Amino acid sequence: MSRLTQALASKRVVICAGAGGVGKTTVSAAVALGLAIQGRRVALVTIDPARRLAEALGLDALDNRPQPVALARLEESGKHARGELFAMMLDSKRTFDELIELLAPDPRTKEQILANPIYGHISTAVAGSQEYTAIAKLFEIEHAHEYDVIVLDTPPSRHAIEFLEAPDRLTGFLEGRALNVLLRPSGRAMRAAGIVFAALRRITGVALLDDLTTLFRLLAGLLDGFRRRAADVEALLGDPGTGFLIIASPEQSAVDEAVFFAAELARAGFHRCGVIVNRVHPLDSETHDAVAVAARLHERLGPKLAGKVARTHVEVQRLAARDAGAVARLLGALGDDPICLPDRDTDVHDIASLVDLCTDLFAG
Amino acid sequence: MKVPITKRLIIVAGKGGVGRSTITAALALGATRRGLQTIVAETAGRADVARMLGGSATDALVEVELEPGLHHVSIERQAALEEYLRYEVPGLIGAATLARSTAFQAFVDAAPGMSDLLTIGKVWELIQRPRHKRHARGYDVVILDAPASGQLVGLLAAPRTFAAIARVGPVARQAGTIEHTLRDPQTVGVIAVATPEQMAVSETLALQASLTERFGIELDAVVANRVLPSRFTSDDVLALARAPEDPAVRSARWFAARAKAQRAQLARLRRGVAPTRCTSLPVRFEAALGRDDIERFAELLGAARS
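The present account deals with the structure reproduced in this document. Everything numeric here is computed off the predicted structure, so don't read it as measured data. (Residues numbered from 1 in each chain as written. Chains lettered and ligands numbered in written order. Predicted model: local features only at pLDDT ≥ 70, side-chain atom pairs only at ≥ 80, totals over all residues.)

**Considering helix α12 (residues 291–301) of chain B**
Residue and element names in this part refer to chain B.
Thinking step 1. Among all positions in α12, only I294, F297, A298 and L301 are buried. Taken end-on, α12 shows its buried residues confined to a sector of 105 degrees, consistent with a single buried face.
Thinking step 2. Buried residues in α12 make contact with α1 (20–33), α2 (48–52), β7 (219–227) and β8 (278–282). (Buried ≥ 20, exposed ≤ 12 C-beta atoms within 10 Å, placed from the backbone. Helix = DSSP H or I, 4+ residues; strand = E, 2+ residues; numbered from the N terminus. Arc of directions from axis to C-beta. Contact = placed C-beta atoms within 7 Å.)

Dropping the structure here:
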């Protein structure tokens, strides 16, 4: 049994996290496919897949819930899926709207919130709203108990940690504790709030303050629901059945991010179930001397091509040495040996190339 | 093609991990070498470009001269808010105290686009001559290391978003002025950085589409970064396919296939952007880029005031 298979055996939720640009979406798709091949009923929630990957999975943006992925073509790659794979692309705005719908105390409040000019901006533009909706969606799917395991790709934040902070940040924001001081001041806060309110009126005009006041008064009716939701989500993230897969590339900034995120996970008491380094150039343990390599290949390839190959090999080995350093640094900092995925010569563009990635992922 | 530095504000855009900060550093170095008083601006309190150019992180909004003619500033929301209240709202007493009050903070968090507006507002202030900030020097060119593409569109749209929801008052008025400047192609230019890979090229083309549609501005140039040379002929590729298994042969096969995939993406980029606006920088095989590499990139990009 491979290391990854073992690490994921008891998991019902797998969250793939890492810095932007490391190939998180593709790797999470491969993890989901691998689990389906092993016989589990898998839901994959992706955030913003590349067009070709979306096509490979038969995803379209129209549906905000998991749809079956046709795995019949796997047979061409000599694989057979004993389980099933369902996949979806997250629609952040729609998920937020659905949440308001679910939590609103009555239809009138719901309508008024959805129609508020500021609400539209909050559901899409407030920091962390995409992360929050990803978690909300995860919770909703998990709660329905229709799948053995859910694999969640995380939004392309600059920092992976924004994902963990999202529920708190958003509930804090919606609770509007600080804003309440401004909108419904009492006691000692009255005078200060009065000054701030007067200054704001002068700076931004009264219309914006009115819209904000209205929106937060409406949202107050949903607060209990949001708070309960945040507590449930926190419990789900900390559940032993939930595992975080940290994904990095050999770039220094991605390694730094992985180390930092692992520390934050440990601090929060969440469970890490593996570290994956994507796009690693394989290191050749033998000679890196261009002259020796050219001499070795001279007879088979001719002097000109042998020379080009030798030069290329030396250059690629420089990348490989950098990558080996990155992997060693991760091992040193985290204490577990990362799973390395070799750098591919093309993008993942169909189920067959996803199967290749999957094979590497579940190999050792 | 040489990358033009003819605008007062150059926005360097691109998705995470494509080398945007490196290109920003190279463009800034190039502009300085041509005698322009140059300042690099970074957002969200970052100082990546400053470090690449041998500087270090400083307090937000402090303009530091890294070397003669080359300056750096780190823009951060809170400092920008305090400065805004101090310089742009005449006669407001206790601006700093106000900016730090919990109630005001809550307002900045809640008002959509306010945070982005403060950032882009500061960028706008940097290109003013004379500057609104007292005793601040003027610059010939401001080079902004922009946030990743999606956030960049939000940043540029902030003045409009805010003007639409606030409707009246000084902020709405100033937002209108900033919006007007941002839409002026004589003043603002965008240079996109992409690696020749599917996702990065798609994101660049999507950025171009939203810039044109929403702001009426075009990409001035696209820098394709980390391009592999075309080293192997099609005969070479055939010979490599038949060659015996060897680590060096595997490296060469990988290199040839990757270079081929890159060429397809480069062609897609050129078709989408106009070939005359595209330029490439070669891949460097070093573990970490040093000052020498940035100098070389500056020369290759030949940032010129034409």
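**Digging into the sheet that holds strand β5 (residues 149–153) of chain A**
All names here are of chain A.
Thinking step 1. In spatial order, the strands read β3-β4-β2-β5-β1-β6-β7-β8; together these eight strands make up an open sheet with mixed pairing. Two strands bound the open sheet, and with one partner strand each, they are β3 (67–68) and β8 (339–342).
Thinking step 2. Pairing between β3 and strand β4 (residues 84–89): two bridges, direction antiparallel. If you follow P68 over to β4, its bridge partner there is F86. (Pairing = 2+ DSSP bridges.)

**Concerning the nonpolar core**
Thinking step 1. If you look at the biggest cluster of nonpolar residues, it comprises 197 residues, and the most contacted ones within it are A:V42, B:V12, B:L27 and B:V142.
Thinking step 2. Non-local contacts of B:V12, meaning those with residues more than four positions away in its chain, are made with B:R20, B:I23, B:T24, B:L27, B:I143, B:L144, B:D145, B:A146, B:I191 and B:V193.
Thinking step 3. Judged by nonpolar contacts, the second largest core, of 19 residues, contains A:A306, A:V316, A:L319 and B:A259. (Core = buried A, V, L, I, M, F, W, Y, C linked by C-beta atoms within 7 Å.)

**What to know about the pairing of strand β2 (residues 38–42) of chain B**
Residues and elements named next belong to chain B.
Thinking step 1. Counting buried positions along β2 gives five out of five residues, so the element sits mostly inside the fold.
Thinking step 2. Covered by surrounding structure in β2 are T38, V40 and E42 together with I39 and A41, the residues of both alternating faces.
Thinking step 3. Both β2 and strand β4 (residues 70–74) contribute to a ladder of five bridges, which runs parallel. Across the sheet, T38 pairs through a bridge with L70, a residue of β4.
Thinking step 4. Bridge count between β2 and strand β5 (residues 141–145): five bridges; the pairing is parallel. Bridge assignment links V40 to a residue of β5, and that residue is I143.

**Brief notes about the interface of chain A and chain B**
Thinking step 1. Facing the 52 residues of chain A at the interface are 53 residues of chain B.
Thinking step 2. Taken together, the elements giving at least two residues each to the side of chain A that touches chain B come down to α3 (51–56), α6 (119–125), α9 (177–183), α10 (189–204), α11 (206–220) and α14 (290–334) of chain A.
Thinking step 3. Examining the composition of the side of chain A that touches chain B, we find that 16 residues originate from one element, α14(A), more than from any other.
Thinking step 4. Here the side of chain A that touches chain B is composed, by residue class, of 27 nonpolar, eleven polar and 14 charged. (Nonpolar A, V, L, I, M, F, W, Y, C, P; charged D, E, K, R; others polar.)

**Considerations on the pairing of β7(B)**
Residue and element names in this part refer to chain B.
Thinking step 1. Looking at chain direction, strand β6 (residues 188–194) and β7 are connected through five bridges and run parallel. Looking at β7, one finds that I191 is bridged to A221.
Thinking step 2. Note on the crossover from β6 through helix α9 (residues 198–215) to β7: the handedness is right-handed.
Thinking step 3. Judged from the four bridges that link them, β7 and β8 form a sheet pairing that is parallel. (Right-handed = clockwise from strand over helix to strand, strands pointing away.)

**Some points on the packing of helix α7 (residues 149–166) of chain B against helix α8 (residues 170–182) of chain B**
Residue and element names in this part refer to chain B.
Thinking step 1. At a closest axis distance of 8 Å, the pairing of α7 and α8 adopts a crossing angle of 145 degrees. In this structure, the crossing between α7 and α8 has a hand that is left-handed. On α8, the residues touching L156, P159, R160, F162, A163 and A166 of α7 are V171, A172, A175, G176, I178, E179 and L182.
Thinking step 2. A breakdown of the residues in the contact of α7 with α8 according to their chemical character gives ten nonpolar, one polar and two charged. (Axes fitted to C-alpha atoms, helices over the stretch in contact; angles between N-to-C directions. Left-handed = near helix turned anticlockwise from the far one by under 90°.)

**Let's talk about helix α11 (residues 247–273) of chain B**
Note: α-helices contain 3.6 residues per turn, so residues at a spacing of three or four share the same orientation.
Thinking step 1. Given a rise of 1.5 Å per residue, 27 residues ought to cover 39 Å, and the 38 Å separating the end C-alpha atoms of α11(B) matches this to within 8%.
Thinking step 2. For α11(B), the complete set of buried residues consists of B:A248, B:V249, B:S251, B:A252, B:F255, B:A256, B:A259, B:Q262, B:Q265, B:L269 and B:V273.
Thinking step 3. In the core, the buried residues of α11(B) are packed alongside α14 of chain A together with β6, α9, β7, α10 (234–242) and β8 of chain B.
Thinking step 4. Positive phi shows up at B:A274, right after α11(B), with a value of about 95 degrees. (Expected span 1.5 Å × (residues − 1).)

**Details of unusual backbone geometry**
Thinking step 1. Of note, the bond from B:R129 into B:P130 is cis; its omega dihedral lies within 30 degrees of zero at -5 degrees.
Thinking step 2. Mapped onto the elements, B:P130 comes out in the loop between α6 (114–126) and β5.
Thinking step 3. Positive phi is not limited to glycine here, since A:H145 has a value of about 50 degrees.
Thinking step 4. By secondary structure assignment, the location of A:H145 is in the loop between α7 (129–143) and β5.
Thinking step 5. We note that A:R279 has phi near 60 degrees; this positive angle belongs to a residue other than glycine.
Thinking step 6. For A:R279, the position within the fold is in strand β7 (residues 272–280).
Thinking step 7. A tally of 18 C-beta atoms within 10 Å means that A:R279 is categorised as partly exposed.

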